[in-house]
Amino acid sequence: MSLKIWANVLVKNEDRYLWFAVSSAIDFVDKVFIWDTGSQDKTLDIIKLLQEKYPNKIIFDQKGSQDADGITALRQQMLEQSKCDWILLLDGDEIWWHKSLEESIKIIEENSKSLYALVNPVFNLVGDIYHHQPESAGQYQLLGRKGHFNIRFINRQIPGLHIKGTYPLEGFYDSDEVLIQQQEDHLQFIDAPLLHCSHLSRSTLAHGDAAAVKRASKKKYQFGQKFAKNFKFPEVLSKPFPEIVPNPWIKMSLGYKIRAVAETPFRLLKRVIK
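Attention in this report is confined to the structure presented alongside it. Source: prediction; values computed, not measured.

**A look at the overall build of the protein chain**
For the protein chain, the count of helices and strands is 5 helices and 15 strands. Expected size for 274 residues packed as a compact globule is a radius of gyration near 19 Å; at 18 Å, the protein chain falls within 12% of this value. Along the three orthogonal principal directions, the C-alpha set of the protein chain runs to about 50 × 45 × 40 Å. Residues classed as buried in the protein chain amount to 53% of the 274 residues present. Counting contacts in the protein chain only where the partners sit at least 6 residues apart, residues at least 24 apart contribute 80% of the total. When the accessible surface of the protein chain is split by element, carbon and sulfur atoms take 51% of a total near 13,200 Å². When the 36 positive and 33 negative side-chain charges of the protein chain are each reduced to one mean point, those points stand 6 Å apart.

Right, dumping it as structure tokens:
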């Protein structure tokens, strides 16, 4: 890899998917910042195992519990300390395919001087790992498209690159205070998706998700679209994982299904009205 790419990971109570998220991307980046903001579940134990497996790549720090503005401030600090050409924003609930990372990095290396960021499609899981939101539910609009997208690769060399705003609505801006996603001449869509577990429970603790800033509102009770039988999940999910890492292949509970029966019609109606 000719360009240096560092992953930025900011976590709290992420023990369900953090192992898979970091493991899916770590072979494609030079360094991984993992900063914890007060985890109470097994997140710290999992980070320790990742450090032991990748001692030369992971840079860990404990930052203590944060409010929404504190999270934005930490992201800015992490950005400033990332001595690299590009950053990969990697949340503890995002799992990548190898091919998606390979293709993304290839585009970056070929267009690094003119490119500010990549726009990648996302499979947003709902209920369990076997179901996802349909594309019609995606409200993100960018580059003439509407659907489920994320900006995860960002050029660290953008003049004056900085972060402002209150989490989860913070954004990356250049020296002219223009949002990166508004500069479409410097963006590129690439059909290289990632798997996003944001709408699932991300902590094994009963109160773990509620203790994380703004996370409780992200969990959705609804019936999604089932993946096809021949759908190939990210490679890391089929590899052995430590005993303390929760099994991701758990189907939605009866309690979830009952609540989804009540809420799914209202979510569909809301989507139609929009």
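**What about the packing of helix 1 (residues 18-25) against helix 2 (residues 43-53)?**
Put simply, helix 1 and helix 2 touch, their axes get as near as 10 Å, and they point 25 degrees apart. When the axes of helix 1 and helix 2 are compared, the pair comes out roughly parallel. Where helix 1 crosses over helix 2, the two elements pack in a sense that is right-handed. Only T43, I46, I47, L49, L50 and K53 of helix 2 make contact with helix 1, whose side of the interface consists of L18, W19, V22 and S23.

**Describing the pattern of salt bridges**
Oppositely charged side chains can form a pair if their charged atoms are brought close together. Considering all chains together, one arrives at 12 salt bridges under this definition. For the salt bridge of R202 with E14, the shortest nitrogen-to-oxygen distance reads 2.7 Å. Of the two residues, R202 sits in the loop between strand 14 (194-196) and strand 15 (225-226) while E14 sits in the loop between strand 1 (5-11) and helix 1, which places them 188 residues apart along the sequence. Residue classification places R202 among the buried positions, given a relative accessible area of 6%. A cluster of three or more residues bridged by salt bridges with shared partners is formed by E14, D93, R202, D209 and R215.

**Overview of the side chain of D174**
Tracing the sequence through the fold places D174 in the loop between strand 12 (171-173) and strand 13 (187-189). Here V178 takes part through its backbone nitrogen, which lies 3.0 Å from a polar atom of the side chain of D174. Looking at D174, its side chain comes within polar contact range of the side chain of Q183, at 2.8 Å. With residues near it in sequence (within four places) discarded, D174 still touches I158, P159, G160, H162, I180 and Q183.

**Remarks on the layout of surface pockets**
Its volume calculated, the second largest pocket comes out at about 320 Å³. Lining the second largest pocket are 18 residues; nearest its centre among them are Y17, G127, D128, S201 and I250. Looking at the lining of the second largest pocket residue by residue, the class counts come to 9 nonpolar, 5 polar and 4 charged.

**Some thoughts on the packing of aromatic side chains**
To describe a pair of aromatic rings, one takes the distance between the centres and the angle between the planes. All chains considered together, the criterion is met by 16 aromatic pairs. Both rings, one in F20 and one in F241, keep their centres 5.3 Å apart while their planes meet at 75 degrees; by these two values the pair is edge-to-face. Taken together, the residues F20 in helix 1 and F241 in the loop between strand 15 and helix 5 (254-273) connect sequence positions 221 residues apart. In this structure F241 comes out as partly exposed when scored by relative accessible area, which is 28%. Ring geometry for W97 against F231: centres 5.9 Å apart, planes inclined by 85 degrees, an arrangement best described as edge-to-face. Pair noted here: W97 is in the loop between strand 5 (94-96) and helix 4 (98-111) and F231 is in the loop between strand 15 and helix 5, with a separation of 134 residues, a long-range link. On the basis of relative accessible area, F231 is assigned to the partly exposed category, the value being 22%.

Conventions used here
- Residues numbered from 1 in each chain as written.
- Predicted model: local features only at pLDDT ≥ 70, side-chain atom pairs only at ≥ 80, totals over all residues.
- Heavy atoms only, no water.
- Helix = DSSP H or I, 4+ residues; strand = E, 2+ residues; numbered from the N terminus.
- Rg over C-alpha atoms; globule rule 2.2 N^0.38 Å.
- Buried < 20%, exposed > 50% of the residue type's maximum accessible area, 1.4 Å probe, protein only.
- Contact = heavy atoms within 4.5 Å.
- Areas by Shrake-Rupley, 256 points an atom, 1.4 Å probe, with all protein chains shown as cover.
- Lys, Arg positive; Asp, Glu negative; His and termini not counted.
- Charge placed at Lys NZ, Arg CZ, Asp CG, Glu CD.
- Axes fitted to C-alpha atoms, helices over the stretch in contact; angles between N-to-C directions.
- Parallel < 35°, antiparallel > 145°, perpendicular 65-115°, else oblique.
- Left-handed = near helix turned anticlockwise from the far one by under 90°.
- Salt bridge = Lys/Arg side-chain N within 4 Å of Asp/Glu carboxyl O.
- Polar contact = N/O pair within 3.5 Å; in protein donor to acceptor, adjacent residues only side chain to side chain.
- 1 Å grid on protein atoms, 1.4 Å probe; cavity = no way out; pocket = protein on both sides within 12 Å on 5 of 7 lines; lining within 4 Å.
- Points joined across faces, edges and corners; volume = space filled by probe spheres on them.
- Nonpolar A, V, L, I, M, F, W, Y, C, P; charged D, E, K, R; others polar.
- Phe/Tyr/Trp six-rings, centres within 6.5 Å; stacked < 30°, edge-to-face > 60°.

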